[in-house]
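Residue strings, one per chain:
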Amino acid sequence: QVQLVESGGGLVQPGGSLRLSCATSGSIWSLNVVGWYRQAAGKERELVATITSGGGFLNYADSVKGRFTISRDIAKNTWSLKMNSLKPEDTAVYYCIAKQLSTTYWGKGTLVTVSS
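The present account deals with the structure reproduced in this document. Just so you know, these numbers come straight off a predicted model, no measurement behind them.

Considerations on the overall build of the protein
On a plain count of helices and strands, the protein comes out with zero helices and 11 strands. Mapped from its N terminus to its C terminus, the protein presents α and β elements in the order β-β-β-β-β-β-β-β-β-β-β. Over its C-alpha atoms the protein spans a radius of gyration of 13 Å, differing by no more than 12% from the 13 Å that the globule rule assigns to 116 residues. Considered along the principal axes of its C-alpha atoms, the protein spans approximately 40 × 25 × 25 Å.

Structural data, given as structure tokens:
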């Protein structure tokens, strides 16, 4: 089992920045893909950004390209999402995820609210 814990959410004004982090514990090995999803109220959960083992391949949702940056510290088994130029439509619960072989693990989520 892999446990994931998000941190860094909160309230920010439009145009502001936040940095989310994901910490891991448990049976951590071969986390081939890690990243972030989000779910806004009344909407389906959607991919935000993912990064492969070694950081060789990054994938971003079109809505966040150029504004969000995902990074990973393989040695520490942590990863982060730097979010710039935040918009009200970025308001959502953000979940970190990790894929280990055919299993996907999810954190419990952290709320990001973009509002003036």
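Description of the pairing of strand β1 (residues 2-7)
Of the two faces of β1, the one lined by Val2, Leu4 and Glu6 is fully buried and the one lined by Gln3, Val5 and Ser7 carries no buried residue. Judged from the six bridges that link them, β1 and strand β3 (residues 18-26) form a sheet pairing that is antiparallel. Paired with Leu4 across the bridge in β3 is Thr24.

Describing the side chain of Thr110
Along the polypeptide, Thr110 turns up in strand β11 (residues 110-114). A polar contact is formed between the side chain of Thr110 and the backbone nitrogen of Gly9, at a distance of 3.3 Å. If near-sequence neighbours (up to four positions away) are discounted, Thr110 is found in contact with Glu6, Gly9, Leu20, Ala92, Val93 and Tyr94.

Some words on the nonpolar core
Membership of the largest hydrophobic core comes to 28 residues, with the highest contact counts inside it found for Trp36, Trp79, Leu81, Met83 and Tyr94. Mapped onto this core, the elements with two or more residues apiece are β1, β3, β4 (31-39), β5 (46-52), β7 (68-73), β8 (78-83), β9 (92-100) and β11. With four residues, β9 is the single largest residue contributor to this core. Those residues in contact with Met83 that lie beyond four places of it in its chain are Gly16, Ser17, Leu18, Leu20, Arg67, Phe68, Tyr94 and Val112.

Considerations on the side chain of Thr24
Looking at the element boundaries, Thr24 is found in strand β3. Here Asn77 takes part through its backbone oxygen, which lies 2.7 Å from a polar atom of the side chain of Thr24.

Here is what the cut-offs are and how they apply
All residue numbers refer to position in the chain's written sequence, counted from 1. The predicted origin of the model limits local features to residues at a pLDDT of at least 70 and limits the giving and counting of side-chain atom pairs to 80 or more, whereas totals for whole chains, interfaces and linings rest on all residues. To get the side-chain values, all heavy atoms of the structure are used, and hydrogens and water are removed first. The helix count covers DSSP runs of H or I at least four residues long, the strand count covers runs of E at least two residues long, and both are numbered beginning at the N terminus. Restricting the calculation to C-alpha atoms gives the radius of gyration, and the globule rule supplies 2.2 Å times the number of residues raised to the power 0.38. Note on classification: 1.4 Å probe, protein chains only; a residue is buried when its accessible area is under 20% of the maximum for its type, exposed when over 50%, partly exposed between these limits. In short, DSSP must find at least two bridges between two strands for them to pair. The definition of a polar contact used here is a pair of N or O atoms within 3.5 Å, where within protein one atom must be able to donate a hydrogen and the other to accept one, and adjacent residues in sequence count solely through side-chain atom pairs. Contact between two residues is taken to exist if any of their heavy atoms lie within 4.5 Å; hydrogens are not considered. Buried residues of nine kinds, namely Ala, Val, Leu, Ile, Met, Phe, Trp, Tyr and Cys, make up a nonpolar core once their side-chain atoms join them within 4.5 Å.

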